[in-house]
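Report on the structure
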Amino acid sequence: MTQVFSKYQAAKAFCEGVETAKIRTAAVEATRIINSGIFSDFLEPHVSVDAYGEFSISLRCSAGYLDIGVCGNGELSYHIRNDLDISKTAYGDVQWDGATLPDELIEAAIQLAAQ
């Protein structure tokens, strides 16, 4: 969660033309994802923010990677690539209520972690 706060502070300075409220909402969404239970206690995802205020939560491992993005407008994008079983790869852009992660995302993340 400390990563999200430090990225939020930096984003306020370098995201020119992006409202602070939108950056704040994206930071809250990123925090919800990190605290959702999708990541094991021993796995800490990497958090980054781009010039448009989109927060990315990513995790790389030998089986592939997980990347989730939120930008403070109720949309969530995700891509979970499973290199050991490509049929368990999942991706999408969905409207997100900020509460429940999409089932496909959760299932793919569990499969990736089990590898």
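In case you missed it, the structure is sitting above this.
Residues numbered from 1 in each chain as written. Predicted model: local features only at pLDDT ≥ 70, side-chain atom pairs only at ≥ 80, totals over all residues. Heavy atoms only, no water.

**Comments concerning the overall build of the protein chain**
Going by this rule: Labels follow the DSSP assignment, with helices taken as runs of H or I lasting at least four residues and strands as runs of E lasting at least two, numbered in each case from the N terminus. When we talk radius of gyration, it's over C-alpha atoms, and the globule rule is simply 2.2 Å times the number of residues to the 0.38. For the exposure calls, accessible area comes from a 1.4 Å probe over protein chains only, and a residue counts as buried if that area is under 20% of its type's maximum, exposed if over 50%, partly exposed in between. Areas reported here follow the Shrake-Rupley algorithm with a probe of radius 1.4 Å; residue values treat only the protein chains shown as occluding. Charge assignment: positive for Lys and Arg, negative for Asp and Glu; neither His nor the chain ends contribute. Throughout, a charge is located at the NZ atom of Lys, the CZ atom of Arg, the CG atom of Asp or the CD atom of Glu.
Summing up its helical and strand segments, the protein chain has 3 helices and 5 strands in all. Along the protein chain, helices and strands appear, N-terminal first, in the series α-α-β-β-β-β-β-α. Compactness check: the protein chain gives a C-alpha radius of gyration of 14 Å against a globular reference of 13 Å for 115 residues, within 12% of the reference. Taken across its 115 residues, the protein chain has 43% of its residues classed as buried. Per element, the accessible surface of the protein chain, about 6,600 Å² overall, is 50% carbon and sulfur. Positive and negative side-chain charges in the protein chain, numbering 8 and 16 respectively, have mean positions lying 6 Å apart.

**Quick word on the sheet that holds strand S4 (residues 75-82)**
For clarity, the cut-off: A pair of strands is labelled paired if DSSP reports no fewer than 2 bridges between them. Note on method: axes are straight lines fitted to C-alpha atoms, helices fitted across the in-contact stretch only, with angles between N-to-C directions ranging 0 to 180 degrees.
Reading across from one edge, S1-S2-S3-S4-S5 is the order of the 5 strands in this open sheet, with antiparallel pairing throughout. Lying at the two open borders of the sheet, with one neighbouring strand each, are strand S1 (46-49) and strand S5 (90-95). Taking the axes of each pair of neighbouring strands and ignoring which way they run, one obtains an average angle of 15° across the sheet. Where strand S2 (residues 55-61) lies against strand S3 (residues 64-70), 7 bridges are found, and the strand directions are antiparallel. From the neighbouring strand, Ser58 faces S3, where its bridge partner is Asp67.

**Focus: the packing of aromatic side chains**
The condition that has to hold: Any Phe, Tyr or Trp ring, taking Trp's six-membered ring, that has another such ring centre within 6.5 Å forms a pair; planes under 30 degrees apart are called stacked, those over 60 apart edge-to-face, and the others tilted. Here, a charge over a ring means that NZ of Lys or CZ of Arg falls within 6 Å of the ring centre while also lying within 35 degrees of the ring normal.
Here the structure, examined in full by the defined rule, presents 1 aromatic pair. Here Phe5 and Tyr8 contribute two aromatic rings whose centre-to-centre distance is 6.4 Å and whose plane-to-plane angle is 40°, an arrangement assigned as tilted. Taken together, the residues Phe5 and Tyr8, both in helix H1 (residues 2-14) and 3 residues apart, mark about one turn of the helix. Accessibility expressed as a relative area gives 53% for Phe5, which makes it exposed. Sitting over the ring of Tyr65, Arg60 keeps its end group 4.9 Å from the ring centre.

**Topic: the nonpolar core**
The following threshold applies: Within this scheme, the nonpolar core is defined by two criteria: the residues are buried Ala, Val, Leu, Ile, Met, Phe, Trp, Tyr or Cys, and they are joined through side-chain atoms within 4.5 Å. Residue contacts are defined here by distance: any two heavy atoms, one from each residue, within 4.5 Å place the two residues in contact.
The biggest cluster of nonpolar side chains holds 32 residues, and the ones touching the most others in it are Ile33, Phe55, Leu66, Leu76 and Leu105. Element by element, the count of residues in this core is highest for helix H2 (residues 20-34), at 6 residues. Here Leu66 is in contact with Phe39, Ile57, Ser58, Leu59, Arg60, His79, Ile80, Ala109 and Leu112, once residues within four sequence places are set aside.

**So, the pattern of salt bridges**
Which entries qualify depends on this criterion: Just to be clear on terms, a salt bridge is a Lys or Arg side-chain nitrogen sitting within 4 Å of an Asp or Glu carboxyl oxygen.
All told, the structure shown has 2 salt bridges when counted by the stated rule. A salt bridge links Arg81 to Asp83, with the nearest nitrogen and oxygen atoms 2.7 Å apart. Asp85 is paired through a salt bridge with Lys88; the nearest N and O atoms lie 3.4 Å apart. With a relative accessible area of 29%, Lys88 lands in the partly exposed category.

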